[in-house]
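The primary structure of each chain is shown beneath.
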Amino acid sequence: MKNSIIAGLIAAIAIGGALGAFAATRTVETTADVEVAVWERIADGAVFVSVRAEGSGAEGWVTSDELDMSGLNRTGRFRLSDVVAVEVPVEVELPDAAQPVTTRPPGQEEAPGFTPVAGPCCQVVGMEDNPVVRDAVVAEVQRVIKFALDTYEITHTGTIVINVAYTTNGLLNRYKDAFGEELEELPDDCSFQRGPHLFLAPKCRENKRAIASAWFQYAVGRVDVTPSWIEHGIFDYLVTHYVKGAPPALTDDRFRRAIFYERARNIRQDRASDDMETLAMLYAITDYGDFPDWRRLYGSAAAGLDAGIAFESIFSATLQEFYEDFEEWADHQQIILISTAFASCLEASEHIRRQAGLVGIGYPDYRVPLEIDDNGDGIVCEGFTPPTRLPTQ
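Residues numbered from 1 in each chain as written. Predicted model: local features only at pLDDT ≥ 70, side-chain atom pairs only at ≥ 80, totals over all residues. Heavy atoms only, no water.

### A closer look at the overall build of the chain
Move 1: The secondary structure content of the chain amounts to 11 helices and 12 strands.
Move 2: Counting every position in the chain, which comprises 393 residues, the buried fraction comes to 43%.
Move 3: By sequence separation, contacts in the chain at least 24 residues apart represent 57% of the contacts at least 6 residues apart.
Move 4: When the accessible surface of the chain is totalled, it reaches about 20500 Å², and 50% of it is carbon and sulfur. (Helix = DSSP H or I, 4+ residues; strand = E, 2+ residues; numbered from the N terminus. Buried < 20%, exposed > 50% of the residue type's maximum accessible area, 1.4 Å probe, protein only. Contact = heavy atoms within 4.5 Å. Areas by Shrake-Rupley, 256 points an atom, 1.4 Å probe, with all protein chains shown as cover.)

Below, the structure is given as structure tokens:
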């Protein structure tokens, strides 16, 4: 049993460290195949881990010190060793000695003096007769690149190609020119990405969130991880931080709204709304770890490691335990929200401040649930005028 536990842990470390597509610097596209062997000394039961670069031969094995198996995981059902780091020599060809490109396992600290290098930007295809629009799109992509590098040390490889057009049909032509195949319709009527190509529909050329989403999907790598909330959460976190200037928080209205109207159990059934998926991720990095931990989790899951094994190896809790904790917390929050809801716009006006909506100011719909949100902006009572209060004597 303990050999399988150690194998799972080392697999998570090996996959996370070798995942060039999600190395925190995103400066090179590379992989490293690492062979792992876990063995137990018959004489006294001591456990060791040996690793080597694939194909390096018998002399390539590097073995850890004896692993201390006295620790237990949070549930007490599994024995865990200390975390070990085993260096495996791997030769990597650098593209330019003048601009060294370095990768590292996600979440680890950089060596002193390390300087991440931003990927190049940008080639624009389409709307050649409108340099103002083309320059504005390039400037926005450059802002995203700078933010990601400065804040998270994430960047991309290759030259970004921004595809724009005056019409949807024009964007379909850009796709055909780039990949030699026709699409009947756009994968998304706002923005999408394939390789280094970013496609921006006419209505989204000035949309910060759309542009950031397309770039992050390329830079980080989107591969349809299961369960889906692991992947959705990380992209929402990164894009929201760029667009809003701060990462999403558990107390944001959109997450309170999700708690009020949705069942938290939808997460474990992999059918939750986007906001509920991000909320679960925020709860995990608040109560179980931090955002660098989530980057390692996503990197491991994207590389093919079972999400449950990756989660337990990084957060020292099973997914089942997490789901139970999250559902209990969300159900408690829902009770609080229901008990503090108001029956009318007038009652709400006596206790809380109004907020801006798409067409006016009002109150969050979950605070006044009996009112109808006509335009779907999460704000109700937008046509309500609070009574004027007379000054107190």
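### Digging into the packing of helix α2 (residues 131-152) against helix α5 (residues 228-244)
Move 1: Contact geometry of α2 with α5 gives a least axis separation of 11 Å together with a crossing angle of 115°. Comparing the axis directions of α2 and α5 gives the class roughly perpendicular. For the pair α2 and α5, the sense of crossing is right-handed. Between α2 and α5, the residues in contact are E140, R143, V144, F147, T151 and Y152 and Y237, L238, H241 and Y242, respectively.
Move 2: A breakdown of the residues in the contact of α2 with α5 according to their chemical character gives six nonpolar, two polar and two charged. (Axes fitted to C-alpha atoms, helices over the stretch in contact; angles between N-to-C directions. Parallel < 35°, antiparallel > 145°, perpendicular 65-115°, else oblique. Left-handed = near helix turned anticlockwise from the far one by under 90°. Nonpolar A, V, L, I, M, F, W, Y, C, P; charged D, E, K, R; others polar.)

### What about the state of the cysteines?
Move 1: Throughout the structure, instances matching the rule amount to three disulfides.
Move 2: Shown here is the disulfide that connects C121 with C122, its sulfur atoms set 1.4 Å apart. An S-S torsion of about -80° defines the bridge between C121 and C122 as left-handed.
Move 3: The residue that forms a disulfide with C345 is C381, at a sulfur-sulfur distance of 2.0 Å. (Disulfide = S-S within 2.5 Å.)

### Some thoughts on the pattern of salt bridges
Move 1: In the structure shown here, the tally under the stated rule is 14 salt bridges.
Move 2: A salt bridge links E181 to R194; its shortest N-O distance comes to 2.9 Å. With E181 in the loop between α3 (168-179) and β8 (191-194) and R194 in strand β8, the pair connects residues that are 13 residues apart, well separated along the chain.
Move 3: One salt bridge connects R296 with D293, and the closest N-O pair in it is separated by 2.1 Å. Of this pair, R296 and D293 both sit in helix α8 (residues 291-302), three residues apart, roughly one helical turn.
Move 4: Here the residues in one salt-bridge network are R209, D236, R254 and D275, joined through shared partners. (Salt bridge = Lys/Arg side-chain N within 4 Å of Asp/Glu carboxyl O.)

### Looking at helix α10 (residues 319-339)
Move 1: A rise of 1.5 Å per residue sets the reference length of α10, with its 21 residues, at 30 Å; its end C-alpha atoms lie 30 Å apart and thus fit the reference within 8%.
Move 2: By the burial criterion, the buried members of α10 are L319, E321, F322, Y323, F326, E327, A330 and L337.
Move 3: In the core, the buried residues of α10 are packed alongside α5, α6 (253-261), α7 (274-287) and α9 (307-315). (Expected span 1.5 Å × (residues − 1).)

### Some details on α7
Move 1: In this model, α7 (14 residues) spans 20 Å end to end at C-alpha, consistent with the 20 Å of a helix rising 1.5 Å per residue.
Move 2: Burial within α7 is extensive, with 10 of its 14 residues counted as buried.
Move 3: Of the positions making up α7, those classed as buried are M276, E277, T278, L279, A280, M281, L282, Y283, A284 and I285.
Move 4: The elements touched by buried residues of α7 are α5, α6, α8, α9 and α10.

### Observations regarding the sheet that holds strand β10 (residues 355-356)
Move 1: In spatial order, the strands read β10-β11-β12; together these three strands make up an open sheet with antiparallel pairing. A single partner strand is all that each edge strand has here, and the edge strands are β10 and β12 (379-380).
Move 2: Judged from the two bridges that link them, β10 and strand β11 (residues 361-364) form a sheet pairing that is antiparallel. Each residue of the ladder has a partner; that of Q355, found in β11, is G362. (Pairing = 2+ DSSP bridges.)

### A few points about the sheet that holds β8
Move 1: Read across the open sheet, the four strands follow the order β6-β7-β9-β8; overall the sheet is mixed. In this open sheet, the two strands that pair with only one neighbour each are β6 (123-125) and β8. In this sheet, adjacent strand axes meet at a mean angle of 20° when their direction is disregarded.
Move 2: Pairing between β6 and strand β7 (residues 161-163): three bridges, direction parallel. If you follow Q123 over to β7, its bridge partner there is V161.

These values are about where atoms sit, not about what they do.
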